[in-house]
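# An overview of the molecular structure
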Amino acid sequence: MTPVCRVGATADRRPRPGPLPRNPLACLPLTGVSVSRPAAGLRCDFRNLPLKQRLRCSCPHSPAGTHEKGRALSELVAAEDVLLFVNAAVTATGQREFRSSAAAQQFSLRFVHEYVRVNYRPVYAAALALDINHHNAALIVEQLLRTADEAGGPEEKRAEGRLIAARLALLPPQRVYRLFRALRAAGVNNRRTRAIVRAWLAARPDPALDAVKYRSGLKAALRHVHGRLPDPETGDFLFAPGRRVRYENPTLDSFRRARYEQGALYELPFTVAEGFAAGHGVPRAVFLERIAPRMTRLEQLRTARAADLTVMPLTRLALYVLSLPFGERVERRAELTHALRAAARRAAGPYAGSWGRVAAVLDDSFSSSGSAVKRRRPLAVALGCHYLLEALAAPGAYTPLWTSGGSDPLLVRPYGPTPLGLRILDALESGPDRLVIVSDGWDNAPPGLAGEVLRVWRSRLDPERRTSVVHLNPVYDAEGFDVRRLAPSVPAAGIRDAEDLAALVEIAQFAEGRTGFAELLAYLDRRVELFLEGTGDPVGEGAGG
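A quick note: this is a predicted structure, and the numbers were derived from the prediction, not measured.

With that out of the way, let us pick up the layout of surface pockets. For the largest pocket, the calculated volume is near 1700 Å³. Sorting the residues of the lining of the largest pocket by element identifies helix 5 (134–146), helix 7 (173–185), helix 13 (270–280), helix 15 (297–302) and helix 16 (314–323) as the ones contributing at least two each. For the lining of the largest pocket, the leading source of residues is helix 16, giving 5 residues. A per-class count over the lining of the largest pocket returns 17 nonpolar, 10 polar and 17 charged.

For the rest of this paragraph, the subject is the pattern of salt bridges. Any two side chains of opposite charge can pair, on the condition that their charged atoms come close. Per the counting criterion, the structure on display carries 30 salt bridges. For the salt bridge of R121 with E150, the shortest nitrogen-to-oxygen distance reads 3.7 Å. Of this pair, R121 sits in helix 4 (residues 121–126) while E150 sits in the loop between helix 5 and helix 6 (154–168), placing them 29 residues apart in sequence. The residues R121 and E150 share a single accessibility class, namely buried. R257 serves as the salt-bridge partner of E267, at 2.9 Å between the closest nitrogen and oxygen.

Our next topic: the packing of helix 13 against helix 14 (residues 284–291). Running from amino to carboxyl end, helix 13 crosses helix 14 at an angle of 150°, the nearest separation of the two axes being 11 Å. Viewed along their axes, helix 13 and helix 14 adopt a mutual orientation that is roughly antiparallel. For the pair helix 13 and helix 14, the sense of crossing is right-handed. Only R284, F287, L288 and I291 of helix 14 make contact with helix 13, whose side of the interface consists of F270, A273, E274 and A277. Of the residues assigned to the contact of helix 13 with helix 14, the class counts are 6 nonpolar, no polar and 2 charged.

Now for the packing of aromatic side chains. Applying the stated criterion across every chain, the model contains 14 aromatic pairs. Seen from their ring centres, F270 and F287 are 5.9 Å apart, and the 20° between their planes marks the pair as stacked. Taken together, the residues span a long stretch of sequence, with F270 in helix 13 and F287 in helix 14 at a distance of 17 residues. Accessibility assignment for this pair places F270 and F287 in one class, buried. Joined through ring pairs, the aromatic side chains of F111, Y115, Y120 and F481 make up one cluster.

At a minimum axis separation of 10 Å, helix 6 and helix 23 (residues 517–532) run at an interaxial angle of 60°. Taken together, the axes of helix 6 and helix 23 lie oblique to each other. Our pair here, helix 6 against helix 23, has a crossing hand that is left-handed. Residues R162, L163, A166 and R167 of helix 6 form the contact with helix 23, whose own contacting residues are V528, F531 and L532. Across the contact of helix 6 with helix 23, the residue classes break down as 5 nonpolar, no polar and 2 charged.

Another point: helix 22 (residues 501–508). Taken as a whole, helix 22 has its buried residues at L501, L504, V505, I507 and A508. Burial along helix 22 is one-sided: seen end-on, the buried residues are contained in an arc of 160°.

Most of helix 11 (residues 232–239) is tucked away, with 6 of its 8 residues classed as buried. Within the span of helix 11, buried status applies to E233, T234, G235, D236, F237 and L238. As for helix 11, its buried residues are in contact with helix 9 (207–213), helix 10 (215–225) and helix 12 (250–257).

The next subject is the nonpolar core. The nonpolar side chains of a soluble globular protein tend to be buried with one another. Grouped together as the largest cluster of nonpolar side chains are 135 residues, with contacts concentrated most on L168, F180, F287, L317, L389 and L501. Core analysis: the second largest hydrophobic core is formed by 17 residues, A359, L420, A427 and L428 among them.

Turning our eyes to something else, we now look at the pairing of strand 1 (residues 358–362). Across the 5 residues that make up strand 1, a large majority, 5, are buried. Burial along strand 1 is two-sided: V358, A360 and L362 and A359 and V361, pointing in opposite directions, are all buried. Pairing between strand 1 and strand 2 (residues 398–402): 5 bridges, direction parallel. For A359, the partnering residue across the bridge sits in strand 2 and is T399. Taking the sense of rotation as the criterion, the β-α-β connection linking strand 1, helix 19 (residues 377–392) and strand 2 turns out right-handed. In terms of strand pairing, strand 1 meets strand 3 (residues 434–438) through 5 bridges, oriented parallel. Of the residues in strand 3, the one forming a bridge with L362 is V438.

Another aspect to go through is the sheet that holds strand 7 (residues 492–494). Taken in spatial order, the 5 strands of this open sheet run 2-1-3-4-7, and their pairing is parallel. Two strands close off the open sheet at either side, each with one partner strand: strand 2 and strand 7. Strand-to-strand twist of the sheet, defined as the mean angle between neighbouring strand axes without regard to direction, takes the value 20°.

A few words on the pairing of strand 3. Taken across its 5 residues, strand 3 has 4 buried, putting it largely inside the fold. As paired elements, strand 3 and strand 4 (residues 468–473) share 5 bridges and run parallel to each other. Paired with R434 across the bridge in strand 4 is S468. Each parallel crossover has a hand, and the one from strand 3 via helix 21 (residues 449–461) to strand 4 is right-handed.

Analysis parameters
- Per-chain numbering applies: the sequence of each chain, read as written, is numbered from 1 onward.
- Per-residue local features of the predicted model are confined to residues with pLDDT of at least 70, and side-chain atom pairs are confined, for both listing and counting, to 80 or more; whole-chain, interface and lining totals are unaffected and use all residues.
- Side-chain calculation: all heavy atoms of the structure are included, whereas hydrogens and water are not.
- The pocket and cavity definitions rest on a 1 Å grid over protein atoms only: a 1.4 Å probe that fits but cannot leave marks a cavity, an open set with protein on both sides within 12 Å along at least five of seven lines marks a pocket, and residues lining either have an atom within 4 Å of a point.
- Grid points are joined across faces, edges and corners, and a volume is the space filled by probe spheres set on the points.
- Helical segments are the DSSP runs of H or I of at least four residues, strand segments are the runs of E of at least two, and each set is numbered from the N terminus.
- In this classification, Asp, Glu, Lys and Arg are treated as charged, Ala, Val, Leu, Ile, Met, Phe, Trp, Tyr, Cys and Pro as nonpolar, and every other residue, Gly included, as polar.
- Within this document, salt bridges are pairs made up of a side-chain nitrogen of Lys or Arg and a carboxyl oxygen of Asp or Glu, the two lying within 4 Å of each other.
- Partly exposed describes any residue whose relative accessible area lies between the buried limit of under 20% and the exposed limit of over 50%, with all areas from a 1.4 Å probe on protein chains only and scaled to the type maximum.
- Axis geometry follows a simple rule: fit a line to the C-alpha atoms, using only the stretch in contact for helices, then measure angles between N-to-C directions, giving values from 0 to 180 degrees.
- To sort the angles, those under 35 degrees are grouped as roughly parallel, those over 145 as roughly antiparallel, those from 65 to 115 as roughly perpendicular, and the leftovers as oblique.
- Handedness of a crossing is defined here by the sense of rotation of the near helix relative to the far one, left-handed for an anticlockwise turn of less than a right angle and right-handed for a clockwise turn.
- Any two residues whose heavy atoms approach within 4.5 Å at even a single point are treated as in contact.
- Aromatic rings from Phe, Tyr and Trp, with only the six-membered ring used for Trp, were paired whenever their centres fell within 6.5 Å, and each pair was classed as stacked if the ring planes differed by under 30 degrees, edge-to-face if by over 60, and tilted otherwise.
- In this description, one arc is meant: the one made by directions from the helix axis to the C-beta atoms.
- Nonpolar cores were defined as sets of buried Ala, Val, Leu, Ile, Met, Phe, Trp, Tyr and Cys residues, with membership established by side-chain atoms within 4.5 Å.
- DSSP-based pairing: two strands are paired if at least 2 bridges between them are found.
- Here a crossover is taken to be right-handed if, once the strands point away from the viewer, the path from the first strand over the helix to the second is traced clockwise.

Any functional reading would require information beyond the geometric quantities listed.
Spelled out as structure tokens, the structure:
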């Protein structure tokens, strides 16, 4: 019987010390202050402690856990740590943000990954079943494979193998090949890694297309695991290109002919054909017009080609809308609004119209412009959430409030300060069933007003919690190792794609303190079971090595 990663069943295990993988944190000193009593996890000031003590300072299985009060405290700390990691894995990508550099983001994210992997390895693996972003999914897979000796035993390794294989099947191929190259550079070549790589390669639908589009990545992966392709033609194309004069496979032969025949390049994928077109001196406009039938919807959007916007994902569509000049947005108002609402209805699914009265505070301040590598991403998330909340609310029961005071969502732009407190007051006056705040949390007009408003509201005006309040933050705070929060009484969850809003609101309930660590583990177990449903054992016996 193939095991399922039962998070709750192994959560009581004391973390085992083991060698830490090489990373930027390795340069920190390993001697210094000792921890004489149970620390409070990432909520404590651990930055002056040595690295290994930092990674284990919040272990929820300390001697204090033998007493009921100590156990309750340690479980609360564990739940906070897990939610903190989920927020980081959803929002952080290691890229530059508006208020922090790429180096700070990468350093902070690497530390959080090591911290959770060492202290809560089953939960760390179970995060692969959640709606985390591709960057963190690849990091988790890499860390699990690099530290296979830290796993509890064959059953836990097999469960991790199933999660890894299932997640790799969802990642973009280029990111998986990049992960395989990182494993090769690190010298990770144990039996489980080889089995997982071979299983993923065997499941690829068109090896010839991969050989053309991801040539270096496929060659490196095959060499690393000493694998062979079932098709000898593709093998010769990769490792002995001079052996054959022509290929029976049309994709491989088109690549061969595209070196000297312009017409052949239009039979290739867009990203491959681009290089040949430049080499042949084909004008860009002519090339884009002729290659259009071979382009994906995202490629058409990136090259400003016409595309069927009604089938685009909500956040991608919001990014596209924000990239258009204001004049074009006005001219295409009906088309763009229809497309955004159609994407929102698809994302809402069966929950459409079921959330009752909903008020939203949406951040379109200057900081929502993001950074050079994540241009307007926070604003696009807020715009997508606006249309999704409109679909989730009861008909005519949705109240949107932008921090700029604007009322036309199609013409939003990142501008001005962030008066969250004032907008939250306006939202609460309408007496909504749900209040959703989408912001990076930098309340500065005046500073701190939002937190104070929410504190008084929760403690004095609405202690029965008639209004559900949740804060969704699209920006990872590198200094705080989490998304920035507005108030301790309001749950905060990281968000990268507006489509994940409903699932993240569900996760945020665990941050309110009304549910315990056991409930959180049970929730993760359910997500793992749903994620692995019907996957079988894709890596066979090799998963345990």
